[in-house]
Amino acid sequence: MGTRWGLFAVLSVAALISSLGTAFQTLPLNPDMAEMALIYQGIVHHGWRFPFTWRFTQDNQILSLLPFALIFYALAGVSGASIIFQGWLIFVVNALLTGLLVKVATKSWRWAGLAWLLALLASPLAIGQPAILAYPVTHNSVWAFGLLGAIGLIRYFTDRPGWALPLLLICVGVGTISDPWFDAAFTAPVLLLAWKSPKWFQTDKATRRALIKAVIITYISGRIAYFGLELLHIVPGRGIGFASLSAISHHLVLLAKSTGILLQLYPFPSGELAWMLWGVYLVGLCGAVTLSFQARQQISPAVKVLLAFSGLSIGIIATAFVLTNFANGIWASRFLVNVFYLAIVALVTFGAVRWFAGSNLTKLLLLITLIGYIIFGFTSIDHAGWRYTSNWAGTHSLAKWFVTHNLYNGYGQYFEAGAPLLGIASNEGITARPLSCNMGYLIPRLSSGDDHFWFGAAALPSSQEPQFVVFDQADSKWGRCTIKSFGNPNMKFKHGALAIWVYRHNLSRQLIMAQDDFKHKWLLMNIANNRKAITKVGTTLGISSGWAQNAYTWLLKHGLAT
């Protein structure tokens, strides 16, 4: 027994070290990765009002990640390494919860340990780009609550301890506020499972009714809370679009490739022997999945709940992947976070319950699947190489260039110049705020409109120290926006593919003026477009639309409509 646990400990340490090296190797730093670190720095410098000026995306992770990230950065500090390490910790926590979920269903620590190790053995393309399982800010953080909620769901349908339903509802609430993706990956499967539970698990109707009612109330409360954040301009409105028929076929191909990345089946191997092993692994995997459906009547209630939830969650997310318009490239693999963990959970759990009671064919297929996943996992990790230093993707050298030329304050493009990362790369020696070029003007990119912490008149030093604007020199549009907003620079430099324009005066007031001009121009354009739309509707209905145009124009001018 001691020898087995010792071997497990050695394998766990090796898998942890390997996955950490893979995270460093495959995740070049970009501003999106540093979002939680930037918010932490903003709180340190400006106080707790700062997060309320931040403009989050729909998948905001306000509850699923932000509180934990703030604690992490308070302990570890902000650096390139700590940003990557934070994302890797999310990956490790999800792997741990994957093992715990298997333990709850199978009552076996051995099979739980196997699930833990298989999750850590994810390919570099899964840990890094494009699936980004170890990314600091994405759906991976909210999925930790999906795995926790699945534990509560299983226990609620089996022995119903007092903590099971509250845990499930907490996870629904956190996920609803933090990420719309969670609705499809977790909440919808839970409601469908509850609805079908009398037939699938012989649950009494009172139990089903109590679960459905509690989940719906919690979900509605979460949506109301999200709407409140939307009114405060902290998060944007939720939106969803559907794919065209031509795009759906493309999405099916992307789904196959993305799933292949997560299951070590893609990219395709090279060499005759590798192709043979790949084919055997694919046959074993498909056979194991087929047998798991056939054996659904011969398994325990806990395993039934787990496999049913896994199938629904994977199925709903896969359907949404194909039918919506979000999957425009292989980077959309990040929407399949739940597929990776639940596929491991389902296969390991099925293996646990059928290894001793199943046929020799079942054991053979499970063994082939396990060996194939491990072989291709080791192969992909070996090809990725090793590195345990942060990949700044040119931002670190740019920061050094600014320090060498005594330039410490300015603005720049978000991704192309990595403006938000310059402060971190220079140990906060450089202050660089991200701007975007819109309608011919440079305007704040991350601000919720009037963020005086970052873009007000007092945001940068009032002295006459030189300030810079850095952007991709191939982007002529950005150059024109810079001249229109700030005028011609006093000096021009180049650093690699970047243009660096230097001004010998403070640019913050000109930025405010440019933003005001942009708002005025946008308002006039918006009024004109809406008046045309109202006229078109009135013409179609055969009624006068003048009064509606005037009323809507008044509302727009007074900030009461959009």
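Residues numbered from 1 in each chain as written. Predicted model: local features only at pLDDT ≥ 70, side-chain atom pairs only at ≥ 80, totals over all residues. Heavy atoms only, no water.

Along the protein chain, the regular secondary structure elements total 21 helices and six strands. Whereas a compact globule of 562 residues would reach a radius of gyration of roughly 24 Å, the protein chain reaches 27 Å, a difference of no more than 12%. Dimensions of the protein chain, computed from the C-alpha atoms along their principal axes, are close to 80 × 65 × 45 Å. In the protein chain, which comprises 562 residues, the proportion classed as buried is 52%. The contacts in the protein chain between residues at least 6 apart in sequence include a share of 74% that link residues at least 24 apart. In the structure as shown, the protein chain presents an accessible area of about 25,600 Å², 66% of it carried by carbon and sulfur atoms. If the 39 positive side-chain charges of the protein chain are averaged to one point and the 19 negative ones to another, these points end up 10 Å apart. (Helix = DSSP H or I, 4+ residues; strand = E, 2+ residues; numbered from the N terminus. Rg over C-alpha atoms; globule rule 2.2 N^0.38 Å. Buried < 20%, exposed > 50% of the residue type's maximum accessible area, 1.4 Å probe, protein only. Contact = heavy atoms within 4.5 Å. Areas by Shrake-Rupley, 256 points an atom, 1.4 Å probe, with all protein chains shown as cover. Lys, Arg positive; Asp, Glu negative; His and termini not counted. Charge placed at Lys NZ, Arg CZ, Asp CG, Glu CD.)

Each domain of the protein chain was delimited in the assignment, giving domain 1 (1-384) and domain 2 (399-514). Taking only C-alpha atoms, the centre of domain 1 and the centre of domain 2 are 39 Å apart. Taken together, the contact between domain 1 and domain 2 spans 20 residues of the former and 14 residues of the latter. Contact between domain 1 and domain 2 buries roughly 1,600 Å² in total, counting both sides, with carbon and sulfur atoms accounting for 68%. Across the contact surface, domain 1 and domain 2 share zero salt bridges. Where domain 1 packs against domain 2, one counts two residue pairs in polar contact (both at pLDDT 80 or more). Of all the elements, helix 2 (residues 35-46) adds the most residues to the side of domain 1 that touches domain 2, at five residues. The residue inventory of the side of domain 1 that touches domain 2, partitioned by class, reads nine nonpolar, eight polar and three charged. (Domains from an automatic or database assignment. Buried area = accessible area lost by both parts, 1.4 Å probe. Salt bridge = Lys/Arg side-chain N within 4 Å of Asp/Glu carboxyl O. Polar contact = N/O pair within 3.5 Å; in protein donor to acceptor, adjacent residues only side chain to side chain. Nonpolar A, V, L, I, M, F, W, Y, C, P; charged D, E, K, R; others polar.)

We now examine helix 14 (residues 337-354). Spanning 18 residues, helix 14 covers 26 Å between terminal C-alpha atoms, matching the ideal 26 Å at 1.5 Å per step. Along helix 14, 16 of the 18 residues are buried, which leaves the element largely enclosed by surrounding structure. (Expected span 1.5 Å × (residues − 1).)

The omega angle of the peptide bond from Gln129 to Pro130 is 15°, so this bond is cis rather than trans. Residue placement: Pro130 occurs in the loop between helix 6 (124-127) and helix 7 (139-157). Residue Pro267 is bonded to the preceding Tyr266 through a cis peptide linkage, with omega at 5°. In this fold, Pro267 is placed in the loop between helix 11 (245-262) and helix 12 (272-294). A positive phi angle is found at Asn406, which is not glycine, with a value near 55°. Mapped onto the secondary structure, Asn406 falls in the loop between helix 16 (395-404) and strand 1 (409-412). Backbone geometry at Met439 places phi at a positive 55°, although glycine is not the residue there. By the secondary structure assignment, Met439 is in the loop between strand 2 (431-438) and strand 3 (441-444).

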